[in-house]
Amino acid sequence: MSITSLQELGATLISPMFIFYNQTLSNNVDEKERVFFLAREGYWFSRAYSEFCKATNRVDNSQYMLVSRAFLFKIGLSEPKTFPYSLNFKFESSLYELMRSRFMLSDSSLRKVFTEKQLQQTFSLPDDLKKVSTLLVQKQAKLKPIIAPSSSAYHQYLTSIGFFDVETVNLVDLGYSGTIQTLLTILFEKNTKGHYLIASNPGNKTIEKQKMTMVGYLKEGVKMGGGYTPLDRSMFLESLLTAPVGQFQDIRLSPLPDETFDTYYGRKVTSQHQFHLLEQICQGALKQMNEYIKDGVTFSAAEVETLYTTFVTKKGMLPKHSWPLFTIDDDIASEGTVNGLDFFGLKI
């Protein structure tokens, strides 16, 4: 019974989104162009796109790509031009906590770079952005050797998946503000085009001499907390489309002869611990998506919005077997783990 209800949830809620997103993406990207699906929400979007290509006889030129804001913040510590982006999120505590939680530096690394007095100094971001930025610039000689192994290994990883083979890198993600895209554009000096379900800052811009474009397929120009429900309650979708591993946190060249890279991930939240439930939901979604393709069924943006809004605002729409899944980690905002059902009062 639980398997049936989970698969029905996927068929009803997720499959229309897969259909809408994949059709829109295929209309916006030539099948000869490489498409990179960003971890972790890109895990199921990538699977759905591959199935979509197979069912529609389209060339599948997609690639799942390991990345996270936190990891890019970390390797960005050796590139001061990233500081306006990595230090622009709300934070209020000691420098030690900032470096541990947002930049994922180890205790031993921190004590090689900063004095104990500096580590205990408290900051309030983004108000103190300039103070922290100045301090990090002063520490570049000590920070760069610590960051270099991760930065070098990630560059080689991106090379191995063809990231540098194209003039403009097509990136696919749920959205919304484009921080990961911005950091990839700056750190690796590539033109990028982001294809999002929702884009808060759409359009074209030039950043560090690179072209950066953001497109939102469902909605553009809306902000978190601005009243657009699919964005304000996007945590439900993030929970359902996550990968089986925690946040990507580091990569190193492997010392083993049969492995190129060693990858490291953060703690798992409930969605990952209960991944067998997510698999049932997404299998139901993929199966129904193939049925829709066979029957020529399409969905408009308005239909996807209405459907999603109904599920995340009305009690009783989400089956009880799916309840353990709706937790997300929000360490960057220092919010820890958040449960969407509790937060929005949707439990019956």
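The coordinates are above.
We now turn to the structure provided with this report. From a predicted model like this one, the values you see are computed outputs, not experimental measurements.

Now for the overall build of the protein chain. Counting its secondary structure elements, the protein chain contains 16 helices and twelve strands. A compact globule built from 348 residues would reach a C-alpha radius of gyration of about 20 Å, and the protein chain, at 21 Å, matches this within 12%. Principal axes of the C-alpha set define a box for the protein chain whose edges measure 65 × 50 × 45 Å. Looking at the protein chain as a whole, 53% of its 348 residues are labelled buried. Of the roughly 15,500 Å² of accessible surface on the protein chain, 48% is carried by carbon and sulfur atoms. Of the side-chain charges in the protein chain, 37 are positive and 36 negative, and the distance between the mean point of each set is 5 Å.

Now for the sheet that holds strand β1 (residues 35-38). Overall, mixed pairing links the six strands, which are arranged β2-β1-β5-β6-β8-β7 in an open sheet. Sheet topology places β2 (62-65) and β7 (203-207) at the edges, where each strand pairs with a single neighbour. On average, each strand axis in the sheet is inclined to that of its neighbour by 25 degrees, with strand direction left out of account. Bridge analysis of β7 against strand β8 (residues 210-220) gives five bridges, and the strand direction is antiparallel. Across the sheet, the residue bridging to K205 is M212, located in β8. Each of β1, β5 (168-173), β6 (191-199) and β8 is contacted by helix α1 (residues 2-28), which is oriented at about 150 degrees to β6, the strand it contacts most.

The next point concerns the pattern of salt bridges. As enumerated under the stated definition, the model contains seven salt bridges in all. A salt bridge links D107 to R111, with the nearest nitrogen and oxygen atoms 3.1 Å apart. Of the two residues, D107 and R111 both sit in helix α6 (residues 107-113), four residues apart, roughly one turn of that helix. Residue E116 is joined to R111 by a salt bridge in which the shortest nitrogen-to-oxygen separation is 2.5 Å. By relative accessible area, which is 43% here, E116 ends up partly exposed. Residue R111 is classed as partly exposed on the basis of its relative accessible area of 40%. Each of the salt bridges in this network shares a partner with another, and the network as a whole consists of K74, D250 and R252.

If you trace the backbone, K74 turns up in helix α3 (residues 69-75). Apart from the residues within four sequence positions on either side, K74 is in contact with F103, M104, L105, I147, S150, Q249 and D250.

On to the environment of S151, then. Positionally, S151 belongs in helix α9 (residues 140-160). Judged by its relative accessible area of 24%, S151 is partly exposed. Here the alpha-carbon distance between S151 and G76, two residues 75 residues apart in the chain, equals 8.6 Å.

The next subject is the packing of aromatic side chains. Tallied over the entire structure, the rule returns 24 aromatic pairs. Taking the centre distance of 6.2 Å and the plane angle of 50 degrees together, the rings of F73 and F103 count as tilted. Taken together, the positions of F73 in helix α3 and F103 in the loop between α5 (95-101) and α6 put the pair 30 residues apart, joining distant regions of the chain. For the pair shown, F73 and F103 are each scored as buried. Measuring from centroid to centroid gives 5.9 Å for Y157 and F261, while their planes differ by 85 degrees, and the two rings are edge-to-face. Of the two residues, Y157 sits in helix α9 while F261 sits in strand β10 (residues 261-265), which places them 104 residues apart along the sequence.

This brings us to the packing of helix α2 (residues 42-55) against helix α14 (residues 275-295). In contact at an axis separation of 10 Å, α2 and α14 are set at 25 degrees when each is read in the N-to-C sense. Between α2 and α14, the angle is such that the two are roughly parallel. Crossing of α2 over α14 shows right-handed handedness. Taking contact as the criterion, the partners of Y43, W44, R47, A48, E51, F52 and A55 in α2 are, on α14, F275, L278, E279, C282, Q283, L286, M289, N290 and I293.

Omega for the bond connecting A39 with R40 falls within 30 degrees of zero, at 0 degrees, which places this linkage in the cis form. Here R40 shows up in the loop between β1 and α2. With an omega of 5 degrees, the peptide bond running from L125 to P126 counts as cis. Along the chain, the position of P126 falls in the loop between β4 (122-125) and α8 (129-138). The backbone of E208 shows a phi angle near 50 degrees, a positive value even though the residue is not glycine. With respect to the helices and strands, the residue E208 is situated in the loop between β7 and β8. According to the relative accessible area criterion, E208 is partly exposed, its value standing at 42%.

Conventions and cut-offs
Residues numbered from 1 in each chain as written. Predicted model: local features only at pLDDT ≥ 70, side-chain atom pairs only at ≥ 80, totals over all residues. Heavy atoms only, no water. Helix = DSSP H or I, 4+ residues; strand = E, 2+ residues; numbered from the N terminus. Rg over C-alpha atoms; globule rule 2.2 N^0.38 Å. Buried < 20%, exposed > 50% of the residue type's maximum accessible area, 1.4 Å probe, protein only. Areas by Shrake-Rupley, 256 points an atom, 1.4 Å probe, with all protein chains shown as cover. Lys, Arg positive; Asp, Glu negative; His and termini not counted. Charge placed at Lys NZ, Arg CZ, Asp CG, Glu CD. Pairing = 2+ DSSP bridges. Axes fitted to C-alpha atoms, helices over the stretch in contact; angles between N-to-C directions. Contact = heavy atoms within 4.5 Å. Salt bridge = Lys/Arg side-chain N within 4 Å of Asp/Glu carboxyl O. Phe/Tyr/Trp six-rings, centres within 6.5 Å; stacked < 30°, edge-to-face > 60°. Parallel < 35°, antiparallel > 145°, perpendicular 65-115°, else oblique. Left-handed = near helix turned anticlockwise from the far one by under 90°.

All we've got here are geometric facts, nothing functional implied.
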